Amino acid sequence: MPSMASRHPEILTAFAVLLITASGPTHVAAGSAPSVPLQPFADQVRQLESALSFLGQPLSPGAQGAINAGFSNPDPEKAVSTAESVLDKYALAVITINAES
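Treat the numbers as computed from the prediction; the structure is a model and nothing was measured.

Participant: So what about the packing of helix α4 (residues 61–71) against helix α5 (residues 76–88)? Which residues, and what values?
Facilitator: At their nearest, the axes of α4 and α5 sit 7 Å apart, and the two run at 165° to each other. The orientation of α4 with respect to α5, classified from their angle, is roughly antiparallel. Between α4 and α5 lies a crossing whose hand is left-handed. Across the interface between the two elements, Ala-63, Ala-66, Ile-67, Gly-70 and Phe-71 from α4 touch Ala-79, Thr-82, Ala-83, Val-86 and Leu-87 from α5. The residue inventory of the contact of α4 with α5, partitioned by class, reads 8 nonpolar, 2 polar and no charged.

Below you can see the structure in the form of structure tokens.
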């Protein structure tokens, strides 16, 4: 009997995106410093690219090119923002957890 992963690769893709994006808040308000340092964020994005490729659902060449172009930007805030805007297209849901509640 085929495993759930082989029958529904889109579930694993969504799970991989959720795991990478749930590792910390990354959206940046205009004019503020990035909430995550660029280097760890870029490493997580590369892990996501590898995971999606392994699952048979790689990012499109255009999306990979846009992420690469974003990471080559010398401004860390713009680099994170560019990668986020590309990856946002693949997100199924955005969850915000309020630490005060």
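Participant: Could you give an account of α5, naming the residues involved and the relevant values?
Facilitator: Counting along an α-helix, one turn takes 3.6 residues, and residues three or four places apart therefore face a common direction. Look at α5: 18 Å from first C-alpha to last across 13 residues, which is about the 18 Å you get at 1.5 Å a residue. Every buried residue of α5 is listed here: Ala-79, Val-80, Ala-83, Glu-84, Val-86 and Leu-87. Viewed end-on, α5 has its buried residues packed into an arc of 165°, placing them on one side of the element. Summarising the contacts, the buried residues of α5 are in contact with α3 (38–54) and α4. The opening residue of α5 is Asp-75, an N-cap whose side-chain oxygen sits 3.2 Å from the backbone nitrogen of Glu-77.

About the thresholds
- Residues numbered from 1 in each chain as written.
- Predicted model: local features only at pLDDT ≥ 70, side-chain atom pairs only at ≥ 80, totals over all residues.
- Heavy atoms only, no water.
- Axes fitted to C-alpha atoms, helices over the stretch in contact; angles between N-to-C directions.
- Helix = DSSP H or I, 4+ residues; strand = E, 2+ residues; numbered from the N terminus.
- Parallel < 35°, antiparallel > 145°, perpendicular 65-115°, else oblique.
- Left-handed = near helix turned anticlockwise from the far one by under 90°.
- Contact = heavy atoms within 4.5 Å.
- Nonpolar A, V, L, I, M, F, W, Y, C, P; charged D, E, K, R; others polar.
- Expected span 1.5 Å × (residues − 1).
- Buried < 20%, exposed > 50% of the residue type's maximum accessible area, 1.4 Å probe, protein only.
- Arc of directions from axis to C-beta.
- Polar contact = N/O pair within 3.5 Å; in protein donor to acceptor, adjacent residues only side chain to side chain.

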